Number of protein chains: 2
Amino acid sequence: MKKIVTVSREFGSGGRETGKRLAEALGFNYVDSEIIQAVAEQTKLDENYLRDKLEQGIANYPVTIGRTFSQVKSISNSAMLIAKQHNIIRDIAAKSDCVIVGRGADVALADLKPFKIFVYADMRSKIARIRSRAQTDEILTDKEIERKIRHIDGARKSTHDLYSPRAWGDKAGYNICINTTDTDVKSIIKPLSEIIAAYFK
Amino acid sequence: MKKIVTVSREFGSGGRETGKRLAEALGFNYVDSEIIQAVAEQTKLDENYLRDKLEQGIANYPVTIGRTFSQVKSISNSAMLIAKQHNIIRDIAAKSDCVIVGRGADVALADLKPFKIFVYADMRSKIARIRSRAQTDEILTDKEIERKIRHIDGARKSTHDLYSPRAWGDKAGYNICINTTDTDVKSIIKPLSEIIAAYFK
C-alpha cells in the first residue's frame with residue numbers, strides 16, 4: 001500500500017508550503033494541479049471554473065429550507081464534481097507515495113490510513129502571512145483579509161463536514177495538528193518528516 | 001527566560017511518558033512530585049490528600065445553582081489549593097528549563113511563552129494503554145476503564161476551563177497536538193524535541 005500524507009489547513013496558516021516541503025523531504029510525489037486537470041479532462045469543463053467551483057464547495061444549508069431550482073442544480077453539480085474529485089484522488093494516490101494538500105483528500109482516502117496533518121494559526125499570524133505573499137497591487141485591509149479567511153475556511157468546513165463523521169479541524173480526525181503562529185514552517189519540516197516516517201514503519 | 005514545555009493530555013494517551021522522555025531528550029528538568037511536595041509543605045496538608053484533591057479539581061457547576069455550605073467550603077478549598085499550586089509552579093519554572101505534565105501549568109505559565117503540547121488518542125487505544133500498565137490484581141472491564149477516563153478528563157477540563165479563556169483540548173491553545181493512537185511514544189520523542197528546540201531558538 002502506498003504511503004499517503006494529507007495536509008488540511010486553515011487559509012493563511014502555511015499549510016500548502018508545509019505540504020510542498022514535506023513532499024520534498026520525504027521524497028514523495030506532491031499532488032496538486034494534476035487533480036484539477038484530471039477532473040477537467042473527464043468533465044470537459046474549464047480548469048479555472050472548476051477551481052472556483054470546488055473551492056466554494058457546498059454551503060451547509062439546513063436540508064429543510066426551501067430552495068430554488070437553480071440552487072438545487074448548483075448543489076447537485078458541486079456534489080457531482082466533489083465525488084469525481086474524490087475518485088480521481090483515489091486513482092492518483094494508488095500510484096505513488098504522495099502528499100496531498102486540501103481537496104478533501106483526508107476524507108476521500110480515509111480507508112487507506114493516510115498520515116493526516118492539520119495546520120492552523122491564530123488570526124493575526126494568518127493575516128500577516130497572507131499580506132506578505134499578496135500581489136503589490138492587491139491592497140486589502142486587515143478586516144477584509146479576515147473576512148476572506150473566514151469565508152474560505154467556512155466553505156472548507158461545510159464541504160468537509162458533509163462527507164466526514166468528524167468535524168473539519170477537530171483534532172480527533174488527525175494524527176498531528178500544528179500551530180504555525182510565530183513559526184517558520186521551514187524549521188519543522190525535517191522533524192515532522194521523521195514523525196511521518198516512524199508512522200509508516 | 002527559562003525554556004518551558006507543558007504537556008496536557010487525555011488520561012491514558014501516554015502524555016506522562018511523552019513528558020518524561022522529552023525532558024530526558026532535551027536535557028530539561030522533569031517537574032512532577034516536587035510540586036505536590038511544595039504545596040504540602042506550605043499548607044501542612046498530607047501529600048496523598050492533596051494529590052486527590054487537586055486531581056478532582058473544581059466541578060464546573062453553574063454559578064447560580066444553590067449550594068450547601070459544605071459544597072461552598074470544598075470549592076473554596078480547592079480554588080485555594082489550585083492558586084497555591086499555580087504559584088509554586090511559577091517558582092519552580094523560574095529556576096531551570098523544564099517539562100511539566102498536567103497541573104494546569106499551561107495556564108499558570110501562559111505569559112512565559114511555554115511550548116504547549118496536547119497529547120490525545122482514541123478511546124480504544126487509551127483503554128488498551130491503561131490496561132497494559134494496570135496492576136495484575138486490578139481487574140476492570142472496558143466500560144469501567146472508559147468511565148474512569150471520562151471522569152478524570154472531565155475534572156481536568158472543568159478545572160482548566162475556569163482558569164483559561166480557551167477550552168481544555170482546543171487545539172488553538174497549544175503549539176502542537178499529537179494523536180498517539182497506534183503510535184509508540186518512543187518513536188516521536190527525537191523529532192518532537194527538535195521541533196521544540198526550533199521554537200526556542
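About the cut-offs
Residues numbered from 1 in each chain as written. Chains lettered and ligands numbered in written order. Predicted model: local features only at pLDDT ≥ 70, side-chain atom pairs only at ≥ 80, totals over all residues. Heavy atoms only, no water. Helix = DSSP H or I, 4+ residues; strand = E, 2+ residues; numbered from the N terminus. Buried < 20%, exposed > 50% of the residue type's maximum accessible area, 1.4 Å probe, protein only. Contact = heavy atoms within 4.5 Å. Buried area = accessible area lost by both parts, 1.4 Å probe. Salt bridge = Lys/Arg side-chain N within 4 Å of Asp/Glu carboxyl O. Polar contact = N/O pair within 3.5 Å; in protein donor to acceptor, adjacent residues only side chain to side chain. Pairing = 2+ DSSP bridges. Least-squares fit on C-alpha atoms with pLDDT ≥ 70 in both. Disulfide = S-S within 2.5 Å. Phe/Tyr/Trp six-rings, centres within 6.5 Å; stacked < 30°, edge-to-face > 60°. Lys NZ or Arg CZ within 6 Å of the ring centre and 35° of its normal.

J.: Help me understand the environment of Val-99 of chain A, please; the structure alone is not making it clear to me.
T.: Residues and elements named next belong to chain A. The topology assignment puts Val-99 in strand 3 (residues 98–101). Owing to a relative accessible area of 0%, Val-99 belongs among the buried residues under this scheme. Along the sequence, Val-99 and Asp-32 sit 67 residues apart, while their C-alpha atoms lie 8.8 Å from each other. For Val-99, the residues in contact, after removing those within four places along its chain, are Val-5, Val-7, Gly-19, Ala-23, Phe-28, Asn-29, Tyr-30 and Val-31.

J.: I keep staring at the interface of chain A and chain B and nothing clicks. Help me out?
T.: Accessible area lost on assembly of the parts is the figure often given for the size of an interface. Opposite the 22 residues of chain A that make contact, chain B presents 22 residues. The largest contributions to the chain A side of the interface with chain B come from Tyr-120, Lys-171 and Ile-195 of chain A, which together make up 30% of the buried area. Where chain A meets chain B, there are 2 salt bridges. Between Lys-190 of chain A and Glu-194 of chain B there is a salt bridge; the shortest N-O distance is 3.2 Å. Counting every contact that joins chain A to chain B gives 13 residue pairs in polar contact (both at pLDDT 80 or more). Counting only elements with at least two residues in the side of chain A that touches chain B, the list comes to strand 4 (115–120), strand 5 (176–179) and helix 8 (189–199) of chain A. A total of 6 residues in the side of chain A that touches chain B trace back to one element, the largest contributor, which is helix 8 of chain A. Taken together, the 3 bridges between strand 5 of chain A and strand 5 (residues 176–179) of chain B define a ladder with antiparallel strand orientation.

J.: Even after reading the chapter, I still don't get the relation of the copies chain A and chain B, so can you show me in this structure?
T.: What connects the two chain copies is a rotation about an axis and a shift along it. Least-squares fitting of chain A to chain B yields an RMSD of 0.0 Å, with the superposition described by an axial translation of 0.0 Å and a rotation of 180 degrees. In short, the pair behaves as if placed about a two-fold rotation axis. If distances are taken from each C-alpha of chain A to the rotation axis, the shortest is found for Pro-191 of chain A, at 2.1 Å.

J.: Would you explain the state of the cysteines in this entry?
T.: According to the stated counting rule, one finds 0 disulfides over all chains in the structure shown. No disulfide involves Cys-98 of chain A; its sulfur sits 20 Å from the nearest other cysteine sulfur, which is in Cys-177 of chain A. On the accessibility criterion, Cys-98 of chain A (0% relative accessible area) is buried. Cysteine Cys-177 of chain A is unpaired, with the sulfur of Cys-177 of chain B as its nearest cysteine sulfur at 5.2 Å. Given a relative accessible area of 0%, Cys-177 of chain A falls into the buried group.

J.: How should I be thinking about the environment of Val-72 of chain A in this particular structure?
T.: Mapped onto the elements, Val-72 of chain A comes out in helix 4 (residues 69–93). Along the chain, Val-72 of chain A and Lys-95 of chain A lie 23 residues apart, while their C-alpha atoms are 35 Å from each other.

J.: Whenever I open this one, the pattern of salt bridges confuses me. Can you help?
T.: Pairing between side chains of opposite charge can happen when their charged atoms approach one another. Taken as a whole and assessed by the stated rule, the structure comprises 28 salt bridges over all chains. Of the charged contacts, one joins Arg-124 of chain B and Asp-122 of chain B as a salt bridge, the two residues approaching to 3.7 Å between their closest N and O atoms. Here Arg-124 of chain B falls in the exposed class, since its relative accessible area comes to 53%. For Arg-124 of chain B, the salt bridge goes to Asp-182 of chain B, with nearest N and O atoms at 3.5 Å. One end of the pair, Arg-124 of chain B, is in helix 6 (residues 123–133); the other, Asp-182 of chain B, is in the loop between strand 5 and helix 8 (186–199), with 58 residues separating them in the sequence. As far as burial versus exposure is concerned, Arg-124 of chain B and Asp-182 of chain B are alike and both exposed. A network of salt bridges, in which partner residues are shared, links Lys-190 and Glu-194 of chain A together with Lys-190 and Glu-194 of chain B.

J.: Whenever I open this one, the pairing of strand 1 (residues 4–9) of chain A confuses me. Can you help?
T.: A regular strand carries its side chains on alternate faces of the sheet. Residue and element names in this part refer to chain A. Counting buried positions along strand 1 yields 6 of 6 residues, so the element is predominantly enclosed. Here strand 1 shows two buried faces, one formed by Ile-4, Thr-6 and Ser-8 and the other by Val-5, Val-7 and Arg-9. Summarising the sheet, strand 1 and strand 4 pair through 5 bridges and their orientation is parallel. Counterpart to Arg-9 in the pairing with strand 4 is Val-119.

J.: I would appreciate a short explanation of unusual backbone geometry in the present structure.
T.: Generally, phi is negative for residues other than glycine and the peptide bonds are trans, each holding for most cases. Of note, Arg-103 of chain A is a non-glycine position whose phi angle comes to about 60 degrees, a positive value. Taking the relative accessible area as the measure of exposure, Arg-103 of chain A reaches 22% and is therefore partly exposed. Phi at Lys-44 of chain B is positive, roughly 60 degrees, even though this residue is not glycine.

J.: Please explain the packing of aromatic side chains as it appears in this structure.
T.: Each aromatic ring pair is specified by the distance between its two centres and by the angle formed by the two planes. All names here are of chain A. With the rule as written, the count across this model stands at 10 aromatic pairs over all chains. Ring geometry for Phe-118 against Tyr-120: centres 6.4 Å apart, planes inclined by 35 degrees, an arrangement best described as tilted. Residue Tyr-120 is classed as buried on the basis of its relative accessible area of 3%. Relative to Trp-168, the ring of Phe-118 has its centre 5.2 Å away and its plane inclined at 80 degrees; by these criteria the two rings are edge-to-face. With Phe-118 in strand 4 and Trp-168 in the loop between helix 7 (142–163) and strand 5, the pair connects residues that are 50 residues apart, well separated along the chain. The pair formed by Phe-118 and Trp-168 is uniform in burial state, with each residue classed as buried. Ring pairs connect the aromatic residues Phe-118, Tyr-120, Trp-168 and Tyr-174, which therefore count as one cluster. Lying over the aromatic face of Phe-11, Arg-133 brings its terminal NZ or CZ to 5.6 Å of the ring centre.

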